[in-house]
Amino acid sequence: MTDTTELLTHTAQILAVSPSEAARLCGIGRTTLYTALSSGELRSAKIGTRRLITIDALRDWLERNEQPTEA
């Protein structure tokens with residue numbers, strides 16, 4: 001599943017994604033995402049050697065970082 005559009009259509013079924021997939025879904029760089037992970041601003045789970053970010057954690061993080069639009 002490398003196509004972002006395909007990934008977005010399956011997010012209802014997907015519970016968690018890798019940091020690279022999470023960055024792509026959010027439209028940000030991996031460095032920005034890893035900074036949020038290391039600061040604890042973005043929650044993740046580590047299972048074995050894999051780091052996973054839940055779709056809910058991504059939504060919460062994005063909502064906390066929303067900026068009001070200027071008129």
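This text goes with the structure placed above it.
Residues numbered from 1 in each chain as written. Predicted model: local features only at pLDDT ≥ 70, side-chain atom pairs only at ≥ 80, totals over all residues. Heavy atoms only, no water.

It is worth spelling out the pairing of strand 3 (residues 50-54) at this point. Two strands pair when backbone bridges link them, and strand 1 (residues 16-17) and strand 3 are joined in this way by 2 bridges, in the antiparallel orientation. Within strand 3, the residue paired with Ala16 across the bridge is Thr54. Taken together, the 3 bridges between strand 2 (residues 45-47) and strand 3 define a ladder with antiparallel strand orientation. Paired with Ala45 across the two strands is Leu52, which belongs to strand 3. Hairpin connection, strand 2 to strand 3: the antiparallel pair is bridged by 2 residues, and Gly48 has positive phi, about 65°. (Pairing = 2+ DSSP bridges. Helix = DSSP H or I, 4+ residues; strand = E, 2+ residues; numbered from the N terminus.)

Among the residues of helix 4 (residues 55-64), those classed as buried are Ile55, Ala57, Leu58 and Trp61. Looking down the long axis of helix 4, one finds its buried residues gathered within 160° of arc, a one-sided arrangement. Close packing links the buried residues of helix 4 with strand 1, helix 2 (19-26), helix 3 (30-39) and strand 3. (Buried < 20%, exposed > 50% of the residue type's maximum accessible area, 1.4 Å probe, protein only. Arc of directions from axis to C-beta. Contact = heavy atoms within 4.5 Å.)

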